[in-house]
Amino acid sequence: MNALRSLVSPRGAVFLLLVILLVAVTILNPSFAEPGQFMRFIQRVAPIAIVAIGQYFVIIAGEFDLSQGSLITAQVIIAGNLVGEDDSRTIPVLLLMIAFGAVVGLVNGVITTLLKVPSFIVTLGMMLALLGGVMWWTGGAATGNPADSFREIGRGGIRDVPLLEFIPWAVFILVGWLALGIWITKRPLGKLLIAVGDNATAVDFAGARSAWVTTRAFMISSLSATLSAVLLVGYAGVHPSVGRGYEFVAITAVVLGGVVLGGGRGWIVAAAAGAFALEALFMLLNIAGVPSTLRDAVQGVIIIAAVAYSAVAFRARRRRGPRTSPELSTSETAGTAEPVSTATSRTIHTETRGD
């Protein structure tokens, strides 16, 4: 019963949905089950999943980051124009991109927390500013052609692998970024982000600096967008349209993973799984001949349905009341309500509700 309850819970349902979608895609397109094709699928989803991981940290803190897509576009243009055909520039430009991404996240966080401007407005303004800068720089046309050593990060990998045939570097990068994200959720920062999303005022009263905590969430989000841009340069090319709309795809994936808009509860692994489920759904729609122009409509319906399902499940859980069974594990209680003052005062000794 506990396993069944977990599968139909808001954060567990995404895994069931992902399995169903992958099976449906395999039935309609049997070649998808080939190891090489499946690795390509993961390679294609990796940039979206990485952005979703960054968006997860912002959303559990009760905020939004709408600047991710434009930041990806800006970073792609930076890479395309500054690296050029000179392999020796790869490392310096990568460091510049990391610094630029960190600064964008810092600005978003500082304006949101210290000036008390809603993150929706701050990141929307940053999105427009970055997009305007890109259009001014490029004139709206494709420009720049980074060296093959830079492109290899996104499109290369280990070849001639037994059984799998090919393992893209993007797979290793995604696994590493997700592992780092899981580690952060188990550290004081991750626990405080959950607490801030639940009640930022209580976190301040408990002695923690909620402004700096939230700012670091925005920085993680911007660094995620930067990493995604590095991968996209490899196979999407250098064009002002690269990265457009990724912020909404990331939000959709995170919500699909059962993360509650408004903050306070969610699981990073489910957020990443939401990206895979969303991409599998789009693939299924393409195979079925559904026009790609309906993608935005599908995303909107998913957001509404996922948020409504999470709200209904949460109300039902509260009506049942807390379970006191000694067999109840930490993972089963993850995402349940807890007084923020308690969560913040025990950040070093307790498990986060979001892991």
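Every value quoted in this text rests on a predicted model; they were computed, and no experiment measured them.

Here is what the cut-offs are and how they apply
Residues numbered from 1 in each chain as written. Predicted model: local features only at pLDDT ≥ 70, side-chain atom pairs only at ≥ 80, totals over all residues. Heavy atoms only, no water. Axes fitted to C-alpha atoms, helices over the stretch in contact; angles between N-to-C directions. Helix = DSSP H or I, 4+ residues; strand = E, 2+ residues; numbered from the N terminus. Parallel < 35°, antiparallel > 145°, perpendicular 65-115°, else oblique. Contact = heavy atoms within 4.5 Å. Nonpolar A, V, L, I, M, F, W, Y, C, P; charged D, E, K, R; others polar. Buried < 20%, exposed > 50% of the residue type's maximum accessible area, 1.4 Å probe, protein only. Arc of directions from axis to C-beta. Salt bridge = Lys/Arg side-chain N within 4 Å of Asp/Glu carboxyl O. Left-handed = near helix turned anticlockwise from the far one by under 90°. Phe/Tyr/Trp six-rings, centres within 6.5 Å; stacked < 30°, edge-to-face > 60°. Pairing = 2+ DSSP bridges. pLDDT = per-residue confidence, 0-100. Patch = residues over 30% accessible without salt bridge, like charges linked within 9 Å, V, L, I, M, F, W, Y side chains within 5 Å. Areas by Shrake-Rupley, 256 points an atom, 1.4 Å probe, with all protein chains shown as cover.

A. Quick look at the packing of helix H3 (residues 35-60) against helix H9 (residues 188-205). Close contact between H3 and H9 brings their axes to 7 Å; oriented N to C, the two are set at 50°. Here H3 is positioned oblique relative to H9, judged by the angle of their axes. Residues Tyr56, Phe57 and Ile60 of H3 pack against Leu193, Ile194 and Gly197 of H9. Taken together, the residues of the contact of H3 with H9 sort by class into 5 nonpolar, 1 polar and no charged.

B. Main features of helix H7 (residues 148-155). What H7 keeps buried is the set Phe150, Arg151 and Gly154. Looking straight down H7, one finds that the buried residues subtend no more than 95° of arc, so they occupy a single side.

C. Region of interest: the pattern of salt bridges. In the structure shown here, the tally under the stated rule is 2 salt bridges. The salt bridge partner of Arg44 is Glu279, with a shortest N-O separation of 3.5 Å. With Arg44 in helix H3 and Glu279 in helix H12 (residues 268-287), this pair connects stretches of sequence that are 235 residues apart. The residue Arg155 makes a salt bridge to Asp148 at a minimum N-O spacing of 3.4 Å.

D. Seen up close, the packing of helix H4 (residues 68-82) against helix H5 (residues 90-113). Running from N to C, H4 and H5 point in directions that differ by 155°, and their axes come no closer than 10 Å. Taken together, the axes of H4 and H5 are roughly antiparallel relative to one another. Crossing angle aside, the handedness with which H4 passes H5 is right-handed. The residues of H5 that touch H4, namely those facing Leu71, Ala74, Gln75, Ile78, Ala79 and Leu82, are Val93, Leu96, Met97, Phe100, Gly101 and Val104.

E. Inspection of the packing of aromatic side chains at higher detail. Summed over all chains, the structure comprises 7 aromatic pairs. Plain terms: the ring middles of Phe15 and Trp267 are 5.8 Å apart, the flat faces sit at 55° to each other, and that makes the pair tilted. With Phe15 in helix H2 (residues 13-28) and Trp267 in the loop between helix H11 (246-256) and H12, this residue pair connects regions lying 252 residues apart in the sequence. Residue classification places Phe15 among the partly exposed positions, given a relative accessible area of 28%. The exposure class of Trp267 is partly exposed, given its relative accessible area of 23%. Connected via pairs of aromatic rings, a cluster forms that spans Phe32, Phe38, Phe41 and Phe276.

F. The pairing of strand S2 (residues 165-168), seen in detail. Taken together, the 4 bridges between strand S1 (residues 157-161) and S2 define a ladder with antiparallel strand orientation. Of the residues in S2, the one forming a bridge with Ile158 is Ile167. Between S1 and S2, which pair antiparallel in sequence order, lie 3 residues; one of them, Leu163, sits at a positive phi of approximately 70°.

G. Broad picture of the confidence of the model for the protein chain. The predicted model of the protein chain has a mean per-residue pLDDT of 82, with 84% of residues at 70 or higher. Segment residues 323-355: pLDDT under 50, and 60 contacts once partners within four positions in sequence are set aside and those in other chains are kept.

H. Summary view of a nonpolar patch on the surface. Side chains of Val19, Val23, Ile27, Leu28 and Ile287 sit close together on the surface and give an oily, nonpolar patch of about 450 Å² of accessible area. When residues in the nonpolar patch are grouped by element, the largest group, 4 residues, is from H2. By the element assignment, Leu28 lies in helix H2.

I. Structural context of unusual backbone geometry. Backbone geometry places Asp160, a non-glycine residue, at a positive phi of 60°. Along the chain, Asp160 falls in strand S1. By relative accessible area, Asp160 is classed as exposed at 74%. The phi angle at Leu163 is positive, at roughly 70°, despite the residue not being glycine. Mapped onto the fold, Leu163 is located in the loop between S1 and S2. The class for Leu163 is exposed, based on a relative accessible area of 77%.

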